[in-house]
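Spelled out, the chains give:
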Amino acid sequence: MVLFATSCSVVKYVPEGETLLNRNRIKINKHDKIKVDELKPYLHQTQNQEVLSFMKVKLGVYSLSGADTTKRVNRWLRKIGEPPVVYDPYLVGRSRNELLRQLANKGYMRATVDTLTKTKRRRTTVFYNVQLNEPYIINKYELDLSNDSALYFVNNARDSLKRIQEGDIFDLAMMDAERVRIATILRNRGYYNFNKDMLYFVADSSSRVRTIDLKLALHPMYEKNDSLSPYNRKRIRQVTIVMEDDPNEIEKQSDFTDTVCIDGYSVVYGAKRFIDAKTLVSKVFVTPGRYFSEFMVTQTHSALNFLSPIKYVDIEFRQVNQEEIDCRIVVNPDRVHVVSAELEGTNSAGNIGVAGSVGYQHKNIFRGAETFKFSVRGAYETMGHIGDAFYSSVELGGNLGLDFPKFLFPLGNRFKKKLRATTEISLGYNYQKRPQYSRNIANANFRYVWNSYRKPKLKYSLDLFDFSYIYLPWITQEFKDKYLSPSSSLRYSYEDHFIMRIGLGLTYTTKRENRLQDFYTLRARVRTAGNLLYGISNMIKQEKVDGAYQIFKIRYAQFAKADFDFAYTKVFGERHQLAFHTALGVAYPYGNADILPFEERYYSGGANSVRGWSVRTLGPGEFKNTSGDIDFMRQSGDIKFDLSCEYRVKLFWLLEGALFVDAGNIWTIKDYADQPGGVFRFNQFYKQIACSYGLGLRADFDFFILRFDFGFKLYDPARTATEKWRTQITKDDFAFHFAIGYPF
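What counts, and at which threshold
Residues numbered from 1 in each chain as written. Predicted model: local features only at pLDDT ≥ 70, side-chain atom pairs only at ≥ 80, totals over all residues. Heavy atoms only, no water. Pairing = 2+ DSSP bridges. Helix = DSSP H or I, 4+ residues; strand = E, 2+ residues; numbered from the N terminus. Expected span 1.5 Å × (residues − 1). Buried < 20%, exposed > 50% of the residue type's maximum accessible area, 1.4 Å probe, protein only. Contact = heavy atoms within 4.5 Å. Polar contact = N/O pair within 3.5 Å; in protein donor to acceptor, adjacent residues only side chain to side chain. Core = buried A, V, L, I, M, F, W, Y, C linked by side-chain atoms within 4.5 Å. Axes fitted to C-alpha atoms, helices over the stretch in contact; angles between N-to-C directions. Salt bridge = Lys/Arg side-chain N within 4 Å of Asp/Glu carboxyl O.

Details of the pairing of strand β27 (residues 690-700)
In regular strands, side chains alternate between the two faces of the sheet. As defined by bridge partners, strand β26 (residues 655-667) adjoins β27 across ten bridges and the pair is classed as antiparallel. Bridge assignment links Ala663 to a residue of β27, and that residue is Cys691. The loop that links β27 with its antiparallel partner strand β28 (residues 705-715) comprises four residues; one of these, Asp702, has a positive phi angle of about 70°.

Laid out in structure tokens, this is it:
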């Protein structure tokens, strides 16, 4: 990248006598009032895209092309690159005028913008020096609505948007937001005909210098004409739901075969009855007899589009008289049969493999928008040489699932209407054949997932029943001697066992699609296992076997586990982001278990953790693996901590670059003899946090991202005191990771 930017002449294709627009510089005398980034979008000419604020990589790629555009390579280089931006003084003048106009809109009506250019080696830099001066301030603000009911609703509404306050800067954008806020409040209170364009501001600047008295009122034409009055609240007279797979046939009433009335709603079927009427009615919030509400219309759109067999929804209103309107909702079906197939390469701890899966979905199997899912998966992975022999592993599995777009247990209709819920039932089986053992895992899950229509970004999940049965029919003698000896503290993790979990989780994000703004995502989850079984065992005074209770002659796990994950992304524009991530997990075995099952233990290293280490090769604590092989069992723990910072930048074409720093480790809660140095101690753990740094290359294909990360160890807690800081990189001090998607 640097080679492209420095070795290629970036003015190669700049016409003779012209110069390259090297950079725009905006300087503001008061940075605390308006930020430079707020003004950049109003420039009519911007320089070529830059990486790290100085490398014009895309321009460098374009300059690599030859003049002969009949050659494919030259056309390709120009396509993925970017032609030079030639300096244009006319566009500089337009940019200056646009900046003045936008500053006036923000209240700085006496602002000045001076331009200055500097040219060196056929490269021109343009300086925009902005002097804000004092802004106009709102001295008084009042709302003038002649209807007492409308004024009452506005004054008493709880709304998240900012209301104009005395002392605010006279900002046109804020004033327009106020019109939208008031119109939204009134439309949610039944004022169907009301919209923001009916409101206008009257500004009076005669009272004092640089101050404005502001009044928001209804336009006079609506005050004087009763037929245009927006103050008539409208009730919903009737709601008709039309099901039709051909939109062109909707107006032909003779083609509708049936009409069903449910709870005051009329459900009209076309030639194809593709979904149950009760399911549709349960997702409609526009209610006959109630006042019109724009929020209820939005909820109805969201709820109906949430049903998998529906392709699109159209909601229309027709005014019947001065007080009533009718609603018609048209739903169009989507395809219900979906077949998918995937083939992927895998790289787990340096072991190369291939995996494939085939899946089938029926998105309306019982005509109530229930989704049936079935999939099978197979994987093969090379394990390299263990001793004198070459080994590999095989994995086969399958899953059955059934999703219902509602809570299955009885709840009041009013409560169910407030939530968008899914009930998920799944069964799965997985067979693993590795050089040391073969393992069968069967699981069953009953889960609720829901969120509120008013707070759609906050999602909850409840695993009401989550069962796993792990059975190992074959284990090598070497593996038994290493992990399953009577004295081994890790023995239980690789014996047959049963897990019965219950868990609650939540996810919250502020991310908005297609919005360039900072956002964060929070995930938290709490799970427990074995408490109910342990209580029953105690109640019936069951006898212990080898110091533990059993069910169906199999020991069951008992533990508590909590996970917290937080990611924050600072967005500097379309091309630059800085992402932070931290994760903490703690699990504690008790009662019927001395150690966590292997499936529930934490591990560190890998593509989504501390990337200077391969997966499952870091920790716990300062534990050092001396076997020469990856020790999955011993390099696992009960506590995990991750902390990462990553700078992401778009390069050119599909490629993105990244620089990152990672820190973290795992620890055990109990002092196990098989994991010396791995126990968590408050006065020691901070010295055992590993650090790594690295760089990454990603290819963004819109629907998925291929990620290649190269991580280098910086601080290795498993080494001796003089070797912990890795100032000289050896072959053991870096790791390569291939993955799909961002690490966080």
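What about helix α7 (residues 172-187)?
With 16 residues, α7 extends 23 Å between its outermost C-alpha atoms, agreeing within 8% with the 22 Å of an ideal straight helix rising 1.5 Å per residue. Among all positions of α7, only Met174, Met175, Glu178, Arg179, Arg181, Ile182, Ala183, Ile185, Leu186 and Arg187 are buried. The secondary structure elements touched by the buried residues of α7 are β4 (137-144), α6 (148-156), β5 (199-204), β6 (211-218) and α10 (294-306). Structurally, the start of α7 carries an N-cap: the backbone nitrogen of Ala173 is 2.9 Å from a side-chain oxygen of Asp171.

Here's the deal with the nonpolar core
Counting 28 residues, the largest nonpolar core has Leu280, Leu304, Ile329 and Val331 as its most contacted members. Breaking this core down by element, the ones donating at least two residues are β7 (235-243), β9 (265-269), α9 (277-282), α10, β10 (310-319) and β11 (324-333). Apart from the residues within four sequence positions on either side, Leu280 is in contact with Ile241, Met243, Val267, Ile275, Leu304, Leu307, Ile310 and Val331. Phe170, Met175, Leu186 and Phe194 belong to the second-largest nonpolar core, a separate cluster that totals 27 residues.

Some details on the pairing of strand β3 (residues 123-131)
With eight bridges connecting them, strand β1 (residues 20-28) and β3 associate as parallel partners. Among the inter-strand pairings, Arg25 is bridged to a residue of β3, identified as Phe127.

Digging into the sheet that holds β7
With respect to topology, five strands assemble into an open sheet ordered β8-β9-β7-β11-β10, the strand pairing being mixed. Among the strands making up the open sheet, the edge pair consists of β8 (258-262) and β10. Pairwise comparison of adjacent strand axes, ignoring direction, gives a mean angle of 20° for this sheet. Pairing analysis gives five bridges linking β8 to β9, with the strands arranged antiparallel. Within the sheet, the bridge partner assigned to Thr259 lies in β9 and is Val268. The strands touched by α10 are β10 and β11; relative to β10, the strand with the most contacts, the crossing angle is about 155°.

A word on the environment of Phe641
Assignment of secondary structure puts Phe641 in strand β25 (residues 639-650). Separated by 32 residues in the primary sequence, Phe641 and Ser609 place their C-alpha atoms 9.2 Å from one another.

A word on the pattern of salt bridges
Taken as a whole and judged by the stated rule, the model has 40 salt bridges. Measuring nitrogen to oxygen at the nearest pair gives 3.7 Å for the salt bridge that ties Asp37 to Lys40. Residues joined in a network through salt bridges with shared partners are Arg611, Glu646, Arg648, Asp662, Arg698, Arg707 and Asp709.

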